[in-house]
Amino acid sequence: MTNFKDTLKPSSTIEQIQTARNQVVKAFDDMVSAAGDAAKDRVDAVKTAEQKFAAAVKAVPDSATLTQAIDSLRAEAANVQGAVADLTSEVKC
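A. Representation of the overall build of the protein chain. Looking only at helices and strands, the protein chain features four helices and zero strands. Reading the helices (α) and strands (β) of the protein chain from amino to carboxyl end gives α-α-α-α. The buried share of the protein chain, reckoned over its 93 residues, is 37%. Contacts in the protein chain between residues far apart in sequence, at least 24 positions, make up 69% of those at least 6 positions apart.

B. Structural detail: the pattern of salt bridges. The final tally for this structure, using the stated rule, is one salt bridge. Lys26 serves as the salt-bridge partner of Asp30, at 2.9 Å between the closest nitrogen and oxygen. Taken together, the residues span about one helical turn, with Asp30 and Lys26 both in helix 2 (residues 14-35) at a distance of four residues. Assessed through its relative accessible area of 43%, Asp30 is described here as partly exposed.

C. Region of interest: helix 3 (residues 40-59). Under the 1.5 Å per step criterion, the end-to-end length of helix 3 is 28 Å for 20 residues, consistent within 8% with the ideal 28 Å. Taken as a whole, helix 3 has its buried residues at Val43, Val46, Ala49, Glu50, Phe53, Ala54, Ala56 and Val57. On an axial view of helix 3, the arc spanned by its buried residues comes to 160°, and they lie on one face. Looking at helix 3, the residues exposed on the side facing more than 90 degrees away from the buried face are Asp41, Gln51, Lys52, Lys58 and Ala59.

D. Just the side chain of Ser12, in detail. Position of Ser12 among the secondary structure elements: in the loop between helix 1 (2-7) and helix 2. Residue classification places Ser12 among the buried residues on the basis of a relative accessible area of 13%. Sequence-distant contacts of Ser12, defined by excluding residues within four places in its chain, comprise Thr7, Ile17 and Leu66.

E. Local environment of the nonpolar core. Within the largest apolar cluster, 25 residues are counted, with the highest numbers of intra-cluster contacts made by Phe4, Leu8, Ile17, Val46, Phe53 and Leu73. Elements supplying a minimum of two residues to this core: helix 2, helix 3 and helix 4 (66-92). No other element matches the nine residues that helix 4 contributes to this core. In contact with Val46, not counting residues within four places along its chain, are Phe28, Met31, Val32, Ala83, Val84 and Leu87.

F. View of the environment of Thr65. Among the structural elements, Thr65 can be located in the loop between helix 3 and helix 4. Overall, Thr65 belongs to the partly exposed group, its relative accessible area being 40%. For Thr65 and Ile14, which are 51 residues apart along the polypeptide, the C-alpha to C-alpha distance reads 7.9 Å.

About the criteria used
- Residues numbered from 1 in each chain as written.
- Predicted model: local features only at pLDDT ≥ 70, side-chain atom pairs only at ≥ 80, totals over all residues.
- Heavy atoms only, no water.
- Helix = DSSP H or I, 4+ residues; strand = E, 2+ residues; numbered from the N terminus.
- Buried < 20%, exposed > 50% of the residue type's maximum accessible area, 1.4 Å probe, protein only.
- Contact = heavy atoms within 4.5 Å.
- Salt bridge = Lys/Arg side-chain N within 4 Å of Asp/Glu carboxyl O.
- Expected span 1.5 Å × (residues − 1).
- Arc of directions from axis to C-beta.
- Core = buried A, V, L, I, M, F, W, Y, C linked by side-chain atoms within 4.5 Å.

As far as function goes, none of this settles anything; it's purely spatial.
Listed below in structure tokens is the structure:
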């Protein structure tokens, strides 16, 4: 998520944002696979947050400026980070 958040600059292109999104999706898919059934509810929350995040990035039209989409994307990124933090907390216990 840090790389994605670092990409959210007014000078970033939609293609850069989509590439960063793809990296986030892969990292979370790998994490969810590794967590297995250990914390199923938390894993499901991460999956849901990641899907909403990916959909928000995909929904940004190619003609949009990043400034127009930045608040929405930051909010979705924060939701994913929260779900991951909850999962990490539960798995460590």
